[in-house]
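Listed below, chain by chain, are the residues.
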Amino acid sequence: MNKNLFTIDEKKYPIAWRFNSQDCLLSFDEKNRIVFLDTEESSHFWDMTLPFEHLMNINSSCYSILEKINLDFNFPQESSLFFKNKLTNISSIFFFWGRKASAIVPVEIFVKAWSDFFYPSDESSILLITNSNKMIFSYEETFFYADILD
């Protein structure tokens, strides 16, 4: 099936423009496996799991950096190894585009198309690893693998 035939409702999920884009790396079936949360669900889930309001306002007492790495958005396949290594034995992740937009994403889909989730200009994207206190966030092409501290 043509990957462009599946369109995600951008009125309900404004972040869906990334996945409706012609250059999205995901197929129809892969997009269909992503569970988008609406604004209210995303905000509630953020508040339950993250001890800060916005990534750019995060206090260093909220996290501990375990690893810092530069990834190249021009070579996403090579850079995907970082995510593959960090997400070994994990079946799905929670991805936030700020407090009001999020999704539950199967790891293999995220690893394949991580650059459809993170953008170099993002200032609020967070990958939350399920069943752990670990997250990955970025600033431009620098990625941080970190523990979330209580």
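Scroll up to find the structure.
In this text, all values refer to a predicted model and were calculated from it rather than measured experimentally. (Residues numbered from 1 in each chain as written. Predicted model: local features only at pLDDT ≥ 70, side-chain atom pairs only at ≥ 80, totals over all residues. Heavy atoms only, no water.)

Along its length, the protein carries six helices and seven strands. In the protein, the succession of helices and strands from N to C terminus is α-α-β-α-β-α-β-β-α-α-β-β-β. In the protein, which comprises 150 residues, the proportion classed as buried is 50%. Sequence-distant contacts, at least 24 apart, represent 62% of the contacts inside the protein between residues at least 6 apart. Within the structure as shown, the protein displays about 8100 Å² of accessible surface, and the carbon and sulfur contribution to it stands at 49%. (Helix = DSSP H or I, 4+ residues; strand = E, 2+ residues; numbered from the N terminus. Buried < 20%, exposed > 50% of the residue type's maximum accessible area, 1.4 Å probe, protein only. Contact = heavy atoms within 4.5 Å. Areas by Shrake-Rupley, 256 points an atom, 1.4 Å probe, with all protein chains shown as cover.)

Here we take up the sheet that holds strand S6 (residues 134–139). The seven strands lie next to each other as S1-S4-S3-S5-S6-S7-S2, forming an open sheet whose pairing is antiparallel. Edge positions in the sheet fall to strand S1 (35–37) and strand S2 (63–70), since each of these pairs with one other strand and no more. Taken pair by pair, the neighbouring strands of this sheet meet at an average axis angle of 20°, ignoring direction. Across six bridges, S6 lies against strand S7 (residues 142–148) in antiparallel orientation. Bridge pairing in S7 places Tyr-139 opposite Thr-142. Sheet contacts for helix H3 (residues 39–49): S1, strand S3 (92–97), strand S4 (102–106) and strand S5 (125–129); angle to S3, the most-contacted strand, approximately 105°. In the packing of helix H4 (residues 76–86) onto the sheet, contacts are made with S2, S5, S6 and S7, and the angle to S7 comes to roughly 10°. (Pairing = 2+ DSSP bridges. Axes fitted to C-alpha atoms, helices over the stretch in contact; angles between N-to-C directions.)

Moving on to the pattern of salt bridges. Evaluated as defined, the whole model comprises six salt bridges. Two residues, Glu-30 and Lys-112, come together in a salt bridge whose shortest N-O distance is 2.8 Å. In this pair, Glu-30 is assigned in helix H2 (residues 28–32) and Lys-112 in helix H5 (residues 107–112), connecting sequence segments 82 residues apart. A salt bridge links Lys-134 to Asp-147, with the nearest nitrogen and oxygen atoms 2.6 Å apart. Of the two residues, Lys-134 is situated in strand S6 and Asp-147 in strand S7; the sequence distance between them amounts to 13 residues. Using a relative accessible area of 22% as the deciding quantity, one classes Lys-134 as partly exposed. (Salt bridge = Lys/Arg side-chain N within 4 Å of Asp/Glu carboxyl O.)

Nothing here speaks to function; it is all geometry.
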